[in-house]
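Observations on the model geometry
Now for the letters of each chain:
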Amino acid sequence: MKLSIQNISKTYDNGVEALKDVSLEIGNGMFGLLGPNGAGKSTLMRTIAALQDADNGSITVGEIDVAQDKQALREIIGYLPQEFGVYPKISAHDLLDHMAIMKGITDTKQRKEVVESLLHQTNLWEAKDQKLGTYSGGMKQRFGIAQALIGDPKLIIVDEPTAGLDPMERNRFHNLLSEIGENVIVILSTHIVDDVSDLCNDMAIILNGEVRMVGEPIQLIKGLDGKVWKGLVEKSEMTVLEKENDVISSRLYLGKVQVRLFSESPLDNGFEQTNPEIEDLYFATIHGLNINGME
Ligand code: ADP
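Figured I'd write up the structure that's included with this text. (Residues numbered from 1 in each chain as written. Predicted model: local features only at pLDDT ≥ 70, side-chain atom pairs only at ≥ 80, totals over all residues. Heavy atoms only, no water.)

This part takes up the nonpolar core. Membership of the largest hydrophobic core comes to 52 residues, with the highest contact counts inside it found for F143, V158 and L177. Counting contributing residues, this core receives three or more from each of domain 1 (3-221) and domain 2 (226-275). Excluding its chain neighbours within four sequence positions, the residues that come into contact with L177 are M30, I145, V158, L188 and L199. Formed by 31 residues, the second largest nonpolar core is a distinct cluster that contains L44, V66, I187 and A204. (Core = buried A, V, L, I, M, F, W, Y, C linked by side-chain atoms within 4.5 Å. Buried < 20%, exposed > 50% of the residue type's maximum accessible area, 1.4 Å probe, protein only. Domains from an automatic or database assignment. Contact = heavy atoms within 4.5 Å.)

Pairing between the strands of a sheet comes from backbone hydrogen bonds, and it takes one of two forms, parallel or antiparallel. Read across the open sheet, the six strands follow the order β6-β7-β8-β3-β9-β10; overall the sheet is mixed. Two strands in the sheet have a free side with no partner beyond their single neighbour: β6 (77-80) and β10 (210-215). Geometrically, the sheet is characterised by an average inter-axis angle of 15° between neighbouring strands, direction not taken into account. The pairing of β6 with strand β7 (residues 155-159) spans four bridges and is parallel. Following the sheet pairing, Y79 is matched in β7 by I157. Sitting on the sheet, helix α10 (residues 278-286) touches β3 (29-34), β9 (202-207) and β10, and the angle it makes with β9 is about 25°. (Pairing = 2+ DSSP bridges. Helix = DSSP H or I, 4+ residues; strand = E, 2+ residues; numbered from the N terminus. Axes fitted to C-alpha atoms, helices over the stretch in contact; angles between N-to-C directions.)

Taken together, the neighbourhood of the ligand is formed by 13 residues, with G38, G40, K41, S42 and T43 sitting nearest. One of the backbone nitrogen or oxygen atoms of A39 is found 3.1 Å away from an oxygen atom of the ligand. One of the backbone N or O atoms of G40 is found 3.0 Å from an oxygen atom in the ligand. Ranked by the residues each element gives to the shell around the ligand, the list is headed by helix α1 (residues 41-48), at four residues. For the shell around the ligand, the residue count by class is five nonpolar, six polar and two charged. (Near = heavy atom within 4 Å. Polar contact = N/O pair within 3.5 Å; in protein donor to acceptor, adjacent residues only side chain to side chain. Nonpolar A, V, L, I, M, F, W, Y, C, P; charged D, E, K, R; others polar.)

It is worth spelling out the packing of aromatic side chains at this point. Under the definition given, this model contains one aromatic pair. Aromatic pair Y282 and F283: ring centres 5.8 Å apart, planes at 40°, arrangement tilted. Given a relative accessible area of 24%, F283 falls into the partly exposed group. The ring of W125 is capped by K128, whose NZ or CZ atom sits 4.5 Å from the centre of that ring. (Phe/Tyr/Trp six-rings, centres within 6.5 Å; stacked < 30°, edge-to-face > 60°. Lys NZ or Arg CZ within 6 Å of the ring centre and 35° of its normal.)

Before going further, it helps to spend a moment on unusual backbone geometry. With a phi angle near 60°, A50 is a residue other than glycine that sits in the positive phi range. Topologically, A50 is positioned in the loop between α1 and β4 (56-61). One non-glycine residue, L254, lies in positive phi territory at about 50°. Note on placement: L254 falls in the loop between β12 (246-253) and β13 (256-262).

Okay, structure coming up:
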């Protein structure tokens, strides 16, 4: 199946242009939508999920025109929103059961199978009778995925799933996402580069409501081959370095600053060539560097 987003724009009542002429073609597999807070990710996710309308443009999922046939879309979509509120006094089992009814699984036996299988799949079986209010952040996110998977959706949207999870919970969540079948579209919206590099076969970078880069991570990184340089400098050297070079990123390391630079020609400042990473792509894009492969 294919999700086709064409020329979508959205301006909120307060004048914020959250999406500016966004177009994307997304096929089966895991698609990473990477961008900083405020980039427009949630707005795009909610528009795809038919929870809000765009001002212009169209979105089709397979044969379904999202704006025209919201009901048809709801039957094939699973959505884990950024803010997933749970009823704290209900058990995971009971809420999942209730949500399965809402999704139209009215046959008791079939629903029991669906609910129990999802609880196993998300590793919540042992805690299924615990009230959701007692769940950790990671358990709540896994519950969020369980409810998103009810009814075998063909399009799954996961908005900022690992923000606030500790590394172990995040790892578990990644494993769970990676087990979702290959014959569905999964869109992972995130500001965390590792979420995309660990999981996604396709990606886009969104900034200020605009898609700045799109492609397969491996191919996009290839475009940076031989052009990323790393070095360790004193904090006092940073101002001059930034003035004279395209700084991709810098972080403190052992009291000094570890810097990654973009340069098409060799540098004679002691910096050495290093393998490009998705993080380089992301920071270079955010910092507006004119790297190859940029749209
Ligand atoms: P992201 O998910 O990438 O953090 P959002 O789509 O939530 O980005 O927000 C994009 C921009 O639109 C931000 O500037 C945000 O403040 C603004 N925005 C989001 N929702 C609304 C809303 N309901 N009303 C007004 N502005 C909004």
